[in-house]
Amino acid sequence: MRRDEEDVIEASYVGSDVPATDLDDAAWNRARAVRLTHYWSGDAAPPGRHAEACVLWSDVALAVRFICRQMEPLIINPAPRTNEKTVGLWERDDCEIYVAPDAGTPEKYFEFEAAPTGEWLDLAIHRTPRERETDWQYRSGMTVASRIAEEHVIVAMRVPWPAFNAAAPLRKETFWRVNLFRCVGAGRDRGYLAWRPTYTAQPDFHVPESFGLLRFSR
């Protein structure tokens, strides 16, 4: 399968599992990062809102880490609850990854979100021509971690393979479908960044045909 490299995220294989809490593991620095520099509309986002992300995979899980510029006040829950999923997390600052394990049917995908507070959300989705069917009871077993520092925020998520109804990729080269997003800011100035813009009239991340490729290689 060939595609412009700008539409491909290279998932780097690691021999041992990297917990979400290990935000500084050396494996993150060896992975090729992709940048989120545009809004969902395709318009350029200001540098103070840019983010980068990289993806790792092991025999037991898929993991993603975002590093986000943070030059404005955080929009977060003052009383976060991290022991259960937070519906509506997308209304505050967060990072998101949508993953479709079957590249031929990207309309069936999983949504994972994490906030600077450590809050999280996992959903299984089927986008049909008429509606978006969402499994709100889906349980992935995902874990998250975050760090708020001066002028940037780090957010990581780890999702075990059974969450995708799939085992770890075993072939030499495997492709899934993927997109990455960041929500930041409030009010009229709220920003919806996308790795692959969806180009909808209003902010909408649920556009499977805009997904890029996630390439697993050893």
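Before any of the text, the structure's been laid out above.
Novice: I tried to follow the side chain of arginine 177 on my own but got confused; where do I start?
Specialist: Here arginine 177 is to be found in strand β11 (residues 173-184). Look at arginine 177: it is buried, it has no salt bridge, and the nearest opposite charge is glutamate 107 at 7.6 Å. Polar side-chain contacts of arginine 177 include one of 2.9 Å to the backbone oxygen of phenylalanine 211.

Novice: Even after reading the chapter, I still don't get the packing of aromatic side chains, so can you show me in this structure?
Specialist: For any pair of aromatic rings, the description consists of the separation of the ring centres together with the inter-plane angle of the planes. Using the criterion set out here, one finds 20 aromatic pairs in the structure. Seen in terms of ring centroids, tryptophan 161 and phenylalanine 164 are 5.9 Å apart; in terms of plane orientation they differ by 50°. Their pairing is tilted. In this pair, the class of tryptophan 161 matches that of phenylalanine 164, namely buried.

Novice: Just checking my understanding: could you explain the nonpolar core for this structure?
Specialist: It is characteristic of soluble globular proteins that their nonpolar side chains tend to be buried jointly. With 55 residues, the main nonpolar core has Leu62, Phe66, Phe112, Met157, Phe164, Leu180 and Leu214 as its most contacted residues. Examining the composition of this core, we find that 6 residues originate from one element, β11, more than from any other. Contacts of phenylalanine 164, omitting those with residues within four sequence positions, involve Leu62, Val99, Pro101, Phe110, Phe112, Tyr138, Val159 and Trp176. Counting residues in each nonpolar core, the second largest holds 8 residues, with Val14, Ala27, Trp28 and Ala63 among its members.

Novice: How should the environment of proline 116 be read in this particular structure?
Specialist: You can see proline 116 is positioned in the loop between β6 (108-114) and β7 (120-127). For the pair proline 116 and threonine 198, spaced 82 residues apart in the sequence, the C-alpha separation amounts to 24 Å. Excluding its chain neighbours within four sequence positions, the residues that come into contact with proline 116 are Leu74, Ile76, Asp93, Ser146, Ile148, Val153 and Val155.

Novice: Would you mind showing me how to read the pairing of β7 here?
Specialist: Across a regular strand the side chains alternate sides, sitting on one face of the sheet and then on the other. Counted residue by residue, β7 has 6 buried out of 8 residues, so it is predominantly covered. Bridge count between β7 and strand β8 (residues 132-135): 4 bridges; the pairing is antiparallel. Bridged to arginine 127 within β8 is arginine 132. Connecting the antiparallel pair β7 and β8 is a turn made up of 4 residues.

Novice: Is there a simple way to explain the pattern of salt bridges in this structure?
Specialist: Between side chains of opposite charge, a pair can form when the charged atoms approach closely. Under the defined criterion, the tally for this structure stands at 10 salt bridges. One salt bridge in this structure joins glutamate 10 and arginine 215, with 2.7 Å as the shortest N-O distance. In this pair, glutamate 10 sits in strand β1 (residues 8-13) while arginine 215 sits in strand β13 (residues 212-217), placing the two residues 205 residues apart along the sequence. No difference in accessibility class separates glutamate 10 from arginine 215, as the two residues are buried. With its nearest N and O atoms 3.8 Å apart, the salt bridge here joins glutamate 119 to arginine 92. One end of the pair, glutamate 119, is in the loop between β6 and β7; the other, arginine 92, is in the loop between β4 (61-69) and β5 (94-100), with 27 residues separating them in the sequence. Accessibility classification places glutamate 119 together with arginine 92 in one group, the buried group. Residues joined in a network through salt bridges with shared partners are Arg49, Glu72 and Asp189.

Criteria and cut-off values
- Residues numbered from 1 in each chain as written.
- Predicted model: local features only at pLDDT ≥ 70, side-chain atom pairs only at ≥ 80, totals over all residues.
- Heavy atoms only, no water.
- Helix = DSSP H or I, 4+ residues; strand = E, 2+ residues; numbered from the N terminus.
- Buried < 20%, exposed > 50% of the residue type's maximum accessible area, 1.4 Å probe, protein only.
- Lys, Arg positive; Asp, Glu negative; His and termini not counted.
- Salt bridge = Lys/Arg side-chain N within 4 Å of Asp/Glu carboxyl O.
- Polar contact = N/O pair within 3.5 Å; in protein donor to acceptor, adjacent residues only side chain to side chain.
- Phe/Tyr/Trp six-rings, centres within 6.5 Å; stacked < 30°, edge-to-face > 60°.
- Core = buried A, V, L, I, M, F, W, Y, C linked by side-chain atoms within 4.5 Å.
- Contact = heavy atoms within 4.5 Å.
- Pairing = 2+ DSSP bridges.

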